Amino acid sequence: MDTRILGAAGPAVSALGLGAMGMSGGYGPLDRAESIATVRAALEARVTLIDTADFYGSGHNELLLAEALRGLERGSYHLSVKFGMLTAPGGAYTGIDGRPEAVKNFLAHSLSRLGTDYVDVYRLARLDPRVPIEDTVGAIKELVEAGYVRHIGLSEVDADTVRRAHAVHPISDLQIEYSLLSRTAEAEILPTLRELGIGMTAYGVLSRGLLSGHWDAGRAIAPGEWRSFDPRFADGNIEHNLALVTALRAVAEDKGCTVAQLAIAWVAAQGAAIVPLIGARTRERLAEAVPAIDVKLTDDDLARIEQAVPFGASRGSLQASEALSQLDLA
Ligand SMILES: NC(=O)c1ccc[n+]([C@@H]2O[C@H](COP(=O)([O-])OP(=O)(O)OC[C@H]3O[C@@H](n4cnc5c(N)ncnc54)[C@H](OP(=O)(O)O)[C@@H]3O)[C@@H](O)[C@H]2O)c1
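Residues numbered from 1 in each chain as written. Predicted model: local features only at pLDDT ≥ 70, side-chain atom pairs only at ≥ 80, totals over all residues. Heavy atoms only, no water.

This part takes up the UniProt feature "domain: NADP-dependent oxidoreductase" (unreviewed entry) in the protein chain. With numbering matched to this structure, UniProt assigns "domain: NADP-dependent oxidoreductase" (unreviewed entry) to residues 16-308. Along residues 16-308, the helical share is 39% and the strand share 17%, with 24 Å between the first and last C-alpha atoms. (UniProt positions renumbered as here; feature names shortened; annotations may be inferred. Helix = DSSP H or I, 4+ residues; strand = E, 2+ residues; numbered from the N terminus.)

This is the structure in structure tokens:
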């Protein structure tokens, strides 16, 4: 597994990250033993960046990771942790809290659940409109100085907020949705990250499985799942979007890889400091995703992919903030 540097100040992390969110909800029934086996298989495959949030399953995800990582040398993996989302019992999202005193409280609980004394990258999940980003990042900076946090990241903020945050403390990476079907980051965000020497951890690289090659229009979606409120999966849009996947499949077959691998490789090819997060919940999905980093795309390949899935071709975009506000995080 190659490594990539997130931000001019590091850290060097595996070129793919494992996103653990789906192991605590949002994508159907949970299987704790398989989730733990998947985390361990990822580490064996040298996918050592693991992304989580304190609100994934209201702490469930951090406890699961603590169990999966128990006994391993702490320096052998990187933990990227989001915080700030407020939830009610039952898991419904109720708001965001980026106040400095809340930051410290959130981290204290995360460290306890994760069974560690530091996190590698700590980030506010969404901008708190009542708290200047300078204040939130300033509070994390104090935690860096105290040794509890190694690097500061951001999640789903605009280019101006990235600049303001970076002026307080060097930002390692912005976590944002980026895929062949979600390319809004290209207009302002990516140029800003490149200019400032900030990395990106890209989520949604498979567009919630739509771009995986394993989805079909007839597949049932349980109420409350991510896909149940994603317009890209809605009747009328899904047929159009799956036609794009069919076009992509032809390129993948010529390249000798799967659709999911091609979609992941495309994101990885967009920049040396971009690390795709893989939302694998099973060893089978992980085993498909990991070799994607070895799929090297030529200019011809990129042109064919662009022809198959042109910029802006998908139907039914959903703002990430809108999506999160509808998600039952339990
Ligand atoms: N910062 C943020 O706001 C934010 C938001 C969302 C996610 N994230 C992070 O990004 C991570 C990735 O999640 P995502 O929802 O964005 O993932 P995604 O890659 O868009 O979709 C993941 C889904 O794709 C399906 N899939 C099919 N083939 C796959 C394969 N070979 N490998 C992996 N998945 C495959 C899986 O569904 P099945 O399991 O049903 O097969 C899986 O649940 C999360 O775990 C989280 O850490 C961050």
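Read on, since the account is not over.
Turning our attention to the site of the ligand. Around the ligand lies a shell of 29 residues, among which Y27, D51, G204, R208 and R285 are the nearest. Separating an oxygen atom of the ligand from a backbone N or O atom of G19 is a distance of 3.1 Å. Taking A20, its main chain carries an N or O atom lying 3.3 Å from an oxygen atom of the ligand. Taking 890 Å² as the accessible area of the ligand by itself, protein coverage stands at 97%. Among the elements of the structure, β12 (274-278) and α9 (283-289) are those that each provide at least two residues to the shell around the ligand. In terms of residues, the shell around the ligand owes the most to one element, α9, which gives 3 residues. Residues belonging to the shell around the ligand are distributed by class as follows: 11 nonpolar, 9 polar and 9 charged. (Near = heavy atom within 4 Å. Polar contact = N/O pair within 3.5 Å; in protein donor to acceptor, adjacent residues only side chain to side chain. Areas by Shrake-Rupley, 256 points an atom, 1.4 Å probe, with all protein chains shown as cover. Nonpolar A, V, L, I, M, F, W, Y, C, P; charged D, E, K, R; others polar.)

Counting 97 residues, the largest nonpolar core has V39, Y122, L154, Y178 and M200 as the members making the most contacts within it. Counting residues per element, this core draws most heavily on helix α8 (residues 259-268), at 8 residues. Setting aside residues up to four positions removed in sequence, M200 forms contacts with L6, D173, L174, I176, Y178, A185, L190, L193, A273, I274 and V275. Ranked by size, the runner-up nonpolar core spans 6 residues in total, among them L6, L49, V275 and L277. (Core = buried A, V, L, I, M, F, W, Y, C linked by side-chain atoms within 4.5 Å. Buried < 20%, exposed > 50% of the residue type's maximum accessible area, 1.4 Å probe, protein only. Contact = heavy atoms within 4.5 Å.)

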